[in-house]
Amino acid sequence: MLAVALVIAACGRNLASGELQGVVVDPPGDKPSFTLTDTEGEAYEFASETEGKLTLLYFGYLNCPDICPVHLAQIAEVFDRIPDIARETEVVFVSVDPARDSHEEIRAFLDRFDNRFVGLTGTEEELKGAQTAAGVPPAVLNDDGPNYTVDHAGWVLAYAPDGKNHAIYPFGTRQSEWNNDLQILAARE
Amino acid sequence: MRTAGILMVALMLVAGCTDNDGRLDVTNARIGQPTGPNAALYFTATSNGEADSLLSARTAAAESMELHETTTDADGTMAMQRLPRLDLPADGTIVLEPGGHHLMLVEAQRMEIGEKVEVTLTWEKAGEMTITAEVVDPGDTLSHDG
């Protein structure tokens, strides 16, 4: 019995604290259904492609140097530490700036972090529909010159394998918080 | 006469030691390796004397540089506001960090992690100041991480 307790205690360092550290969504939201185009040019229906999987969804754009790469780099670094969970997680990045972000560029961008990350984009209407379905305020492309900025939701939405959005992760989420929460969410089937 | 000469040389040496008479310190200068067309420079600036303002910056490693602030509004939408200047209070500190302020490198060149990039900052009072920033992985641009 003591041996078992010691083993559990020793493993405890890597086990989740039991409580989500992200911003909890209560009651949990439903996974949205929308279809966009992936970096291979194929149609990708979000709900069916990610069914039964821990899924992270983020809307951003490639000209954004401050928020988007940092969010994705954080997730990729945590994935290196929890490879078993990483293998079962679908990370979906949606570019809300199709005029500048081609499929090839989105693929190259995502491959910098993890070549398993899925990249999607679509027409302005499809993107607005997807963001609305996901419950985020649709991005606004500003009219401030050729290097225009895009205002967009800064948080990552997390859906557990049970298909529900249990928490969202604003910019500034630490790797330790991702590490904790991904392990908890992975178990919610 | 000789003493005056030595004093002159000493004064010139001290004046030449820093670009800005030691009034301004810039530390922890880092650029997240660009993953798209643009990159971001972050640093901490400390005034050891009077107030100053950062007006602009330039580097050979990008077409131009712009000062931006990332803002979050009530519904969580994040936006970048271009700023004409960033004020540094007297005996104060400003921290440029992800999610806050940054100097955007517009149309940045390819950079390798570990590479050192020179950037010339223009301050209202201190004038031009050249700093060296290290290129880091975007995830490592955050000052603190758990």
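1. Quick notes on the interface of chain B and chain A
Thought 1: Counting from both sides, the interface comprises 34 residues of chain B and, opposite them, 27 residues of chain A.
Thought 2: The junction of chain B with chain A conceals about 2300 Å² of combined surface from both sides, 54% of it contributed by carbon and sulfur atoms.
Thought 3: The tally of links between chain B and chain A comes to 0 salt bridges.
Thought 4: The set of elements that each furnish at least two residues to the side of chain B that touches chain A consists of β2 (39–47), β4 (62–72), β5 (77–82) and β8 (101–108) of chain B.
Thought 5: For the side of chain B that touches chain A, the residue count by class is 13 nonpolar, 15 polar and 6 charged.

2. A short note on the pattern of salt bridges
Thought 1: Enumeration according to the criterion identifies 12 salt bridges over all chains in this entry.
Thought 2: Among the ionic pairs, Arg87(A) bridges to Asp84(A), the shortest N-O distance being 2.5 Å. Remark: Asp84(A) and Arg87(A) occur in helix α4 (residues 83–87); sequence separation between them is 3 residues, near one turn of the helix. Assigned by exposure class, Arg87(A) and Asp84(A) land together as exposed.
Thought 3: Arg82(B) is the partner of Glu66(B) in a salt bridge, and the nearest nitrogen-oxygen pair spans 3.5 Å. With Glu66(B) in strand β4 and Arg82(B) in strand β5, this residue pair connects regions lying 16 residues apart in the sequence.
Thought 4: Residue classification places Glu66(B) among the buried positions, given a relative accessible area of 12%.
Thought 5: Here the residues in one salt-bridge network are Arg85(B), Asp87(B) and Glu124(B), joined through shared partners.

3. Focus: helix α3 (residues 68–81) of chain A
Residue and element names in this part refer to chain A.
Thought 1: Over its 14 residues, α3 extends 21 Å from the first C-alpha to the last, a length consistent with the 20 Å expected when each residue adds 1.5 Å.
Thought 2: The buried count for α3 comes to 11 of 14 residues, which makes it a mostly enclosed element.
Thought 3: Those residues of α3 lying buried are Cys68, Pro69, Val70, His71, Leu72, Ala73, Gln74, Ile75, Ala76, Val78 and Phe79.

4. Remarks on unusual backbone geometry
Thought 1: Look at the link from Asp26(A) to Pro27(A): it is a cis peptide, with omega at 0°.
Thought 2: Looking at where Pro27(A) falls in the secondary structure, it is placed in strand β1 (residues 23–30).
Thought 3: Although it is not a glycine, Asp91(B) adopts a positive phi angle of roughly 50°.
Thought 4: The backbone phi angle of Glu107(B) is positive, close to 55°, even though this residue is not glycine.
Thought 5: With respect to the helices and strands, the residue Glu107(B) is situated in strand β8.
Thought 6: Here Glu107(B) falls in the partly exposed class, since its relative accessible area comes to 38%.

5. Section: the packing of aromatic side chains
In this description, an aromatic ring pair is defined by two values, namely the gap between the centres and the angle between the planes.
All names here are of chain A.
Thought 1: Here the structure, examined in full by the defined rule, presents 7 aromatic pairs over all chains.
Thought 2: Ring plane angle 40° and centroid distance 6.2 Å describe the contact between Tyr58 and Phe93, whose orientation is recorded as tilted. Taken together, the positions of Tyr58 in strand β4 (residues 54–60) and Phe93 in strand β5 (residues 89–95) put the pair 35 residues apart, joining distant regions of the chain.
Thought 3: When its relative accessible area of 2% is taken as the criterion, Tyr58 is described as buried.
Thought 4: Judged by relative accessible area, which is 0%, Phe93 ranks as buried.

What counts and what doesn't
Residues numbered from 1 in each chain as written. Chains lettered and ligands numbered in written order. Predicted model: local features only at pLDDT ≥ 70, side-chain atom pairs only at ≥ 80, totals over all residues. Heavy atoms only, no water. Contact = heavy atoms within 4.5 Å. Buried area = accessible area lost by both parts, 1.4 Å probe. Salt bridge = Lys/Arg side-chain N within 4 Å of Asp/Glu carboxyl O. Helix = DSSP H or I, 4+ residues; strand = E, 2+ residues; numbered from the N terminus. Nonpolar A, V, L, I, M, F, W, Y, C, P; charged D, E, K, R; others polar. Buried < 20%, exposed > 50% of the residue type's maximum accessible area, 1.4 Å probe, protein only. Expected span 1.5 Å × (residues − 1). Phe/Tyr/Trp six-rings, centres within 6.5 Å; stacked < 30°, edge-to-face > 60°.

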